[in-house]
Amino acid sequence: MEEKFLNIRENVKFIQNKINEAAVKSGRSEKDVRFMAVTKTVDPVYINCAIDCGIDLIGENKVQEFLAKKDALKLEKVEKHLIGHLQSNKVRKIITEVDLIQSVDSVSLAREIERQAEKNNMTANILVEINVGGEESKTGLEKNLLRETIAEISEMKHIAVKGLMTIPPICENSGELRKFFNEMYNLFIDIRAENSDNVSMDILSMGMSGDYEEAILCGSNLVRVGSAIFGPRIYK
Ligand SMILES: *Cc1c(COP(=O)(O)O)cnc(C)c1O
């Protein structure tokens with residue numbers, strides 16, 4: 001078998017073990033933390049290999065890329081999330097194709113999702129993406145706009161807010177990183193306690209290849225792992 005397939009198999013097994021350990025260490029059970037394979041730039045044969053190794057959740061960044069690859073993927077038992085920045089004019093193309101959009105970072109984007117979900121007679125599941133480090137170069141909602149944004153989105157009848165997502169800044173040390181993860185966890189818990197209509201804080205999506213264990217220890221229940229499964233990305 002091609003070496004790359006063997007590597008993917010080993011990596012999925014290794015990471016799943018690490019996730020399980022971190023889940024237990026954080027006082028939860030293995031089933032409480034979901035393992036997403038991030039598939040941007042990855043060829044369908046390798047994504048299918050990861051699916052054969054037990055991956056049941058994938059994340060793609062770009063609408064066009066996902067639409068181009070999806071027919072080649074074995075998705076019957078796989079949940080699909082959009083995790084990359086979404087432009088309003090692409091909502092129409094993706095809304096019926098994925099199970100959840102993790103990257104909602106404005107009321108105007110939510111409005112377009114609401115409009116398209118209503119047209120399709122469906123409820124769109126979303127996470128609100130937070131720019132937890134307040135970085136100018138990053139997408140994601142400013143922390144101090146979170147409450148009012150969730151309040152506005154919760155009025156939208158065809159949207160169900162399922163939780164929060166973040167990509168923290170690159171940190172010098174794990175203490176600094178934990179500060180951002182803890183901040184997200186606290187937001188998640190506070191909003192959950194409010195019990196608003198159409199808002200169920202079920203998913204806290206944080207942690208990637210370099211920091212998924214740390215994120216789980218801070219309360220993440222969905223980690224998004226790309227290069228640690230598939231190797232370095234090659235952008236064409
Ligand atoms: C690319 C990407 C990931 C995965 O990054 P890795 O470091 O390769 O694990 C996770 N989340 C988002 C939003 C991404 O764009």
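Refer to the structure printed above.
No experiment lies behind these values; they were computed from the predicted model shown.

To continue, consider the site of the ligand. Looking at the ligand, the residues that line it are Val-38, Lys-40, Asn-61, Ile-83, Ile-167, Met-208, Ser-209, Arg-224, Val-225, Gly-226, Ser-227 and Arg-233. Within the side chain of Lys-40, one N or O atom sits 2.7 Å away from an oxygen atom of the ligand. Note that an oxygen atom of the ligand is positioned 2.8 Å from one of the backbone N or O atoms of Ser-227. The fraction of the free accessible surface of the ligand (390 Å²) that becomes covered by protein chains is 89%. A breakdown of the residues in the shell around the ligand according to their chemical character gives 5 nonpolar, 4 polar and 3 charged.

We now examine the state of the cysteines. On inspection of all chains with the given rule, the structure shows 0 disulfides. Distance from the sulfur of Cys-53, which forms no disulfide, to the nearest cysteine sulfur (Cys-49) is 4.4 Å. Overall, the relative accessible area of 24% leaves Cys-53 in the partly exposed class. Here Cys-171 is not disulfide-linked; the sulfur of Cys-218 is the nearest cysteine sulfur, at 11 Å.

On to the side chain of Asp-105, then. Assignment of secondary structure puts Asp-105 in the loop between β4 (100-104) and α5 (107-119). Among buried Asp, Glu, Lys and Arg side chains, Asp-105 stands out as unpaired, with Lys-138 the closest opposite charge at 12 Å. From its side chain, Asp-105 meets the backbone nitrogen of Gly-140 in a polar contact 3.1 Å long. In contact with Asp-105, not counting residues within four places along its chain, are His-85, Glu-129, Thr-139, Gly-140 and Leu-141.

Counted under the stated rule, the structure contains 2 aromatic pairs. Ring plane angle 40 degrees and centroid distance 6.5 Å describe the contact between Tyr-185 and Phe-188, whose orientation is recorded as tilted. Here Tyr-185 pairs with Phe-188, and both are found in helix α7 (residues 174-194), just 3 residues apart, close to one helical turn. Over the ring of Tyr-46 we find Lys-4, and its NZ or CZ is 4.4 Å from the ring centre. In this structure, Lys-179 packs its charged tip against the face of Phe-180, placed 4.7 Å from the ring centre.

What follows concerns the pairing of strand β1 (residues 34-38). With 4 of its 5 residues buried, β1 lies for the most part within the structure. Looking at chain direction, β1 and strand β8 (residues 222-225) are connected through 4 bridges and run parallel. Residue Phe-35 lies in a different strand from β8, and its bridge partner there is Val-223. Sheet topology note: the β1/strand β2 (residues 57-60) ladder contains 2 bridges and is parallel. Along β2, the bridge assignment pairs Ala-37 with Ile-58. Handedness of the β-α-β unit built from β1, helix α2 (residues 44-52) and β2 comes out right-handed.

Thresholds applied
Residues numbered from 1 in each chain as written. Predicted model: local features only at pLDDT ≥ 70, side-chain atom pairs only at ≥ 80, totals over all residues. Heavy atoms only, no water. Near = heavy atom within 4 Å. Polar contact = N/O pair within 3.5 Å; in protein donor to acceptor, adjacent residues only side chain to side chain. Areas by Shrake-Rupley, 256 points an atom, 1.4 Å probe, with all protein chains shown as cover. Nonpolar A, V, L, I, M, F, W, Y, C, P; charged D, E, K, R; others polar. Disulfide = S-S within 2.5 Å. Buried < 20%, exposed > 50% of the residue type's maximum accessible area, 1.4 Å probe, protein only. Helix = DSSP H or I, 4+ residues; strand = E, 2+ residues; numbered from the N terminus. Lys, Arg positive; Asp, Glu negative; His and termini not counted. Salt bridge = Lys/Arg side-chain N within 4 Å of Asp/Glu carboxyl O. Contact = heavy atoms within 4.5 Å. Phe/Tyr/Trp six-rings, centres within 6.5 Å; stacked < 30°, edge-to-face > 60°. Lys NZ or Arg CZ within 6 Å of the ring centre and 35° of its normal. Pairing = 2+ DSSP bridges. Right-handed = clockwise from strand over helix to strand, strands pointing away.

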